[in-house]
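In case you want the letters, here they are:
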Amino acid sequence: MTQKKFITIYETIRTDIIESRISYGTQLPSEHELVETYSASRETVRKALNLLVRDGMIQKIRGKGSVVIYQGLTEFPFADLTSFREVQQGLGLRHETDVKAFEKITAGEVPKVQKALNVRQGTVLWHIVRIRKIEDRVKIIDEDYLIEGIVPNLTMEIAKASLYEYIEDILGLEISYSNKSITFEGFGEREQEIFGDVVPPYTATVRGIVHLKDTTIFQYNVSKHLATEFKFNDFSRRHKR
């Protein structure tokens, strides 16, 4: 079945925006010009533009036409429990992870985490801090606490690559769902140092308790995103890829 033309136009413009061939603040050609460029009807072009508006790619402004408002958002869907690596590969973006901390601690050292994971004080946890970069810009600070007895033998290399790939493909565990909360918080010293001078200096901070298929809790995650570059839905469920 041939793809409808408005979808083709939409996908072409969307890709150009995401890959920065059309930059933030740029005014798109007029509907008349797009009609000529794509040899399409005005209704077809309008359908494509409406999809771009829906996706937060453009805004229709009276007297100016359609203006690009996309700024490389870190879109991390709550509807799917998805790893950073999977998200960025799906978007086709160049991504990089730097591991800033990799250590074993006891749960008693972090009482809030101990309570979230519902473990004893002496329970050994992996504590991992990773910096996520997209197109060479720091976008996310990820801090993870994992129960060592459930996720053994972690290495720096695994942390840099993909924890979820290791847990599912090597350990054979099935990650199922996560309960998450989100708050908007001002920069602390660490955020200021890592993100730099950002206006406004706030993060969208997502705290998640992640469960295996049998409901066992194994991970507590604190993910700090730049507040101006974050989109979300609601409940997270892991889909095996």
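Residues numbered from 1 in each chain as written. Predicted model: local features only at pLDDT ≥ 70, side-chain atom pairs only at ≥ 80, totals over all residues. Heavy atoms only, no water.

- Per an unreviewed UniProt entry, the protein goes by the name Trehalose operon repressor and belongs to Staphylococcus equorum.

**Points about the packing of helix H1 (residues 5–18) against helix H3 (residues 42–54)**
Stage number 1. Across the interface, H1 lies against H3 with an axial gap of 8 Å and an inter-helix angle of 45°. Considering their axes alone, H1 and H3 lie oblique with respect to each other. As for how H1 packs across H3, the hand of that crossing is right-handed. Of H3, the residues touching H1 (which contributes Lys5, Phe6, Ile7, Ile9, Tyr10, Ile13 and Arg14) are Thr44, Val45, Lys47, Ala48, Leu51, Leu52 and Arg54.
Stage number 2. Grouping the constituent residues of the contact of H1 with H3 by class yields nine nonpolar, one polar and four charged. (Axes fitted to C-alpha atoms, helices over the stretch in contact; angles between N-to-C directions. Helix = DSSP H or I, 4+ residues; strand = E, 2+ residues; numbered from the N terminus. Parallel < 35°, antiparallel > 145°, perpendicular 65-115°, else oblique. Left-handed = near helix turned anticlockwise from the far one by under 90°. Contact = heavy atoms within 4.5 Å. Nonpolar A, V, L, I, M, F, W, Y, C, P; charged D, E, K, R; others polar.)

**Quick notes on the pattern of salt bridges**
Stage number 1. Applying the stated rule across the entire model yields 14 salt bridges.
Stage number 2. Salt-bridge contacts for Asp144 lead to Arg130; the nearest nitrogen and oxygen are separated by 2.8 Å. With Asp144 in strand E6 (residues 137–147) and Arg130 in strand E5 (residues 124–134), this pair connects stretches of sequence that are 14 residues apart. Across this residue pair, the class does not change: Asp144 and Arg130 are buried.
Stage number 3. A cluster of three or more residues bridged by salt bridges with shared partners is formed by Asp16, Glu19 and Arg21. (Salt bridge = Lys/Arg side-chain N within 4 Å of Asp/Glu carboxyl O. Buried < 20%, exposed > 50% of the residue type's maximum accessible area, 1.4 Å probe, protein only.)

**Observations concerning the packing of helix H2 (residues 31–38) against H3**
Stage number 1. At a minimum axis distance of 9 Å, the contact between H2 and H3 shows a crossing angle of 105°. As the angle between them shows, H2 and H3 are arranged roughly perpendicular. Contact residues: Glu31, His32, Leu34 and Val35 in H2; Arg42, Val45, Arg46 and Leu49 in H3.
Stage number 2. Taken together, the residues of the contact of H2 with H3 break down into four nonpolar, one polar and three charged.

**Some details on the side chain of Glu143**
Stage number 1. Here Glu143 lies in strand E6.
Stage number 2. A distance of 3.1 Å separates a polar atom in the side chain of Glu143 from a polar atom in the side chain of Tyr145.
Stage number 3. Residues contacting Glu143, with those up to four places away along its chain left out, are His127, Ile128, Val129, Arg190, Tyr220, Asn221 and Val222. (Polar contact = N/O pair within 3.5 Å; in protein donor to acceptor, adjacent residues only side chain to side chain.)

**Observations regarding the environment of Arg14**
Stage number 1. Along the chain, Arg14 turns up in helix H1.
Stage number 2. Among the residues examined, Arg14 registers a relative accessible area of 25% and is labelled partly exposed.
Stage number 3. Sequence separation between Arg14 and Leu51 is 37 residues, and the spatial gap between their C-alpha atoms is 9.4 Å.

**A closer look at the packing of aromatic side chains**
Stage number 1. Taken as a whole and judged by the stated rule, the model has three aromatic pairs.
Stage number 2. On the numbers, 5.6 Å between centres and 25° between planes, the contact of Phe187 with Phe195 is stacked.
Stage number 3. Relative accessible area serves as the criterion here: at 16%, Phe187 is assigned to the buried category. (Phe/Tyr/Trp six-rings, centres within 6.5 Å; stacked < 30°, edge-to-face > 60°.)

**Topic: the nonpolar core**
Stage number 1. Ile13, Ile17 and Ile58 are the most contacted members of the largest nonpolar core, which has 20 residues in total.
Stage number 2. Of all the secondary structure elements, the ones that give two or more residues to this core are H1, H2 and H3.
Stage number 3. Sort the elements by how many residues they give to this core and H1 lands first, with six residues.
Stage number 4. Apart from residues lying up to four places away in sequence, Ile13 is in contact with Ile22, Leu28, Leu34, Tyr38 and Leu52. (Core = buried A, V, L, I, M, F, W, Y, C linked by side-chain atoms within 4.5 Å.)

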